[in-house]
Each structure stands twice: as structure tokens, then as C-alpha cells.
Amino acid sequence: MVDSFVFRYMKEEDIDQILEVEHASFATPWSREAFYNEIYNNKFAVYIVLEEDDKIIGYCGAWVVIDEAHVTNVAILPEYRGRHLGEALLRKMMTVAKDMGARSMTLEVRVTNNVAQSLYRKLGFQNGGIRKNYYTDNQEDALVMWVNI
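I will try to describe carefully the structure that is included in this document.

Conventions and cut-offs
Residues numbered from 1 in each chain as written. Predicted model: local features only at pLDDT ≥ 70, side-chain atom pairs only at ≥ 80, totals over all residues. Heavy atoms only, no water. Helix = DSSP H or I, 4+ residues; strand = E, 2+ residues; numbered from the N terminus. Expected span 1.5 Å × (residues − 1). Buried < 20%, exposed > 50% of the residue type's maximum accessible area, 1.4 Å probe, protein only. Phe/Tyr/Trp six-rings, centres within 6.5 Å; stacked < 30°, edge-to-face > 60°. Lys NZ or Arg CZ within 6 Å of the ring centre and 35° of its normal. Pairing = 2+ DSSP bridges. Axes fitted to C-alpha atoms, helices over the stretch in contact; angles between N-to-C directions. Contact = heavy atoms within 4.5 Å. Salt bridge = Lys/Arg side-chain N within 4 Å of Asp/Glu carboxyl O. Right-handed = clockwise from strand over helix to strand, strands pointing away.

**Description of helix 3 (residues 85–99)**
Under the 1.5 Å per step criterion, the end-to-end length of helix 3 is 21 Å for 15 residues, consistent within 8% with the ideal 21 Å. Regarding helix 3, the residues found buried are L85, G86, E87, A88, L89, L90, M93, M94, V96 and A97. Positioned one or two residues after helix 3, G101 has a phi angle of 105°, which is positive.

Following this line, the structure appears as C-alpha cells:
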């Protein structure tokens, strides 16, 4: 299923399409400036896009600092969900981060997002703690999850 899809690093020209994915996926989407800064001003940032027929249908970002990768975002357009593409995208990011020297990976996920938590557990992530009032839109707590890669 994933064979018809292409993974590649995000470029500035991708930001418009990334924003479409972002707005379809998150209650508090990142801005154009945020993605621009990730590309040009954050030496720790790495972003991968997933595309089909030159259309970006998902992306994943992480900050790789020394031996740790912190996933910033992972998102798939709603009409492409349920096809294991988020899993493929996160697996790809895990490989990229490992190749960059990371030995562990962490992320935050809404405590109510059971679908995402299930995916992360499938990939070996384990609960690491709670960040109280982490999400600014509704003060929902975040579950911190970790995995060795």
C-alpha cells in the first residue's frame, strides 16, 4: 500500500501544502512562519513529507539533539487516514533520527487521543509521564511517551 508513496525532506516550497495538512489535523495549527523557521533557523529540526503524485498527504517533524529525537508533529490528511500511512511516516522518521545519532525518541500526545497512542505503542513507545495543561486550546494534559530506537 505504501509503495506508491514517496518520502522526502521538506522544502520551503512545501509550506502551503503542509499548512493544509496542519489545519486539517490540529486545533492549534502552526503558522507559515513557524515552518519557515524550522527549515532555516532550527539546526536541530528535520522534517519529512509523504506525498503521492506530487501531493503532500502527510508530514512528520522532529528535533534531533545529540542522542535524542523529539517528535514535534506527525499528521496525515483526513482522507488518507486508516491506511497505515502515519505508521509508515513515523517509522521513516525513527530511521532518519537513528541515522542522525538518536538513540531514543520522545513525543507528547493528548491524553484523549487513543488512536495516536495506540500507534505509538505499536511502535514501542511507552508512557513516560504527564504534562499538565499542555495544550493551549483546551488545557488538556499531554502524555509523554518514549522509545529507544
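What follows picks up the thread again.
**What about the packing of aromatic side chains?**
Applying the stated rule across the entire model yields seven aromatic pairs. Seen in terms of ring centroids, W30 and F35 are 5.3 Å apart; in terms of plane orientation they differ by 45°. Their pairing is tilted. With a relative accessible area of 24%, W30 lands in the partly exposed category. You can call F35 buried: its relative accessible area is 0%. Ring geometry for Y36 versus Y40: centroids 4.7 Å apart, planes at 45°, classification tilted. Within this pair, Y36 and its partner Y40 are both found in helix 2 (residues 32–40), separated by four residues, close to a single helical turn. Linked through ring pairs, W30, F35, Y47 and Y59 together constitute an aromatic cluster. The positively charged end of R110 is found above the aromatic ring belonging to Y135, 4.1 Å away from the centroid.

**Overview of the sheet that holds strand 2 (residues 45–52)**
One open sheet accounts for seven strands, arranged 1-2-3-4-5-7-6; its pairing is mixed. Edge positions in the open sheet fall to strand 1 (6–9) and strand 6 (126–131), since each of these has one partner strand only. In this sheet, adjacent strand axes meet at a mean angle of 25° when their direction is disregarded. Bridging between strand 2 and strand 3 (residues 55–65) involves eight bridges; their strand directions are antiparallel. Counted as the bridge partner of A45 is W63 from strand 3. Most of the contacts of helix 2 go to strand 2, to which it runs at about 115°, and overall it touches strand 2, strand 3 and strand 4 (68–76).

**Digging into the pattern of salt bridges**
Going through the model one piece at a time under the given rule, you end up with 11 salt bridges. One salt bridge connects R110 with E140, and the closest N-O pair in it is separated by 3.1 Å. Residue R110 is found in strand 5 (residues 104–110), and its partner E140 is found in the loop between strand 6 and strand 7 (142–148); the two are separated by 30 residues along the sequence. Taking the relative accessible area as the measure of exposure, R110 reaches 17% and is therefore buried. Among the charged side chains, a network of salt bridges with common partners joins R8, D14 and E51.

**Quick look at the pairing of strand 5**
Extensive coverage of strand 5 is indicated by the burial of seven of its seven residues. On strand 5, burial covers both faces: S104, T106, E108 and R110 on one face and M105, L107 and V109 on the other are all buried. Inspection of the sheet shows strand 4 paired to strand 5 by three bridges, in the parallel sense. Pairing of A69 across the sheet is with M105, part of strand 5. Handedness of the crossover joining strand 4 and strand 5 through helix 3 is recorded here as right-handed.

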